[in-house]
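# Overview (structure and organization)
Here is how the chains run, residue by residue.
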Amino acid sequence: MKSFAKPVEPLFAAEAGLAASVRREEDPYQALDDLMAAVEALCPVWPLRTGFADGGRLLL
């Protein structure tokens, strides 16, 4: 015995959205290498950073 009846109407958004397939790269490291090449092209030199304000004492 069930405590509630099965709903007759379909779910509100069951058929919503676009059908799209996920594009899979054959080699994930190749995709990462391509991404890093684009980042390096946009910023070929690391920006200069200042030191820590309290002299380098790091506590957790």
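Residues numbered from 1 in each chain as written. Predicted model: local features only at pLDDT ≥ 70, side-chain atom pairs only at ≥ 80, totals over all residues. Heavy atoms only, no water.

## Focus on the overall build of the protein chain
Assigned secondary structure in the protein chain consists of one helix and zero strands. A buried classification covers 0% of the 60 residues belonging to the protein chain. Put simply, the protein chain shows about 7,200 Å² of open surface, and 62% of that area lies on carbon and sulfur atoms. (Helix = DSSP H or I, 4+ residues; strand = E, 2+ residues; numbered from the N terminus. Buried < 20%, exposed > 50% of the residue type's maximum accessible area, 1.4 Å probe, protein only. Areas by Shrake-Rupley, 256 points an atom, 1.4 Å probe, with all protein chains shown as cover.)

## A look at the layout of surface pockets
Counted as a void, the largest pocket has a volume near 170 Å³. Met36, Ala37, Val39, Glu40, Cys43, Pro44, Val45 and Trp46 are the residues that line the largest pocket. (1 Å grid on protein atoms, 1.4 Å probe; cavity = no way out; pocket = protein on both sides within 12 Å on 5 of 7 lines; lining within 4 Å. Points joined across faces, edges and corners; volume = space filled by probe spheres on them.)

## Observations regarding a nonpolar patch on the surface
Among the surface-exposed residues, Tyr29, Leu32, Leu35, Met36 and Val39 lie close enough to one another that they form a single nonpolar patch of about 540 Å² accessible area. Along the chain, Leu35 falls in helix 1 (residues 28-42). (Patch = residues over 30% accessible without salt bridge, like charges linked within 9 Å, V, L, I, M, F, W, Y side chains within 5 Å. Salt bridge = Lys/Arg side-chain N within 4 Å of Asp/Glu carboxyl O.)

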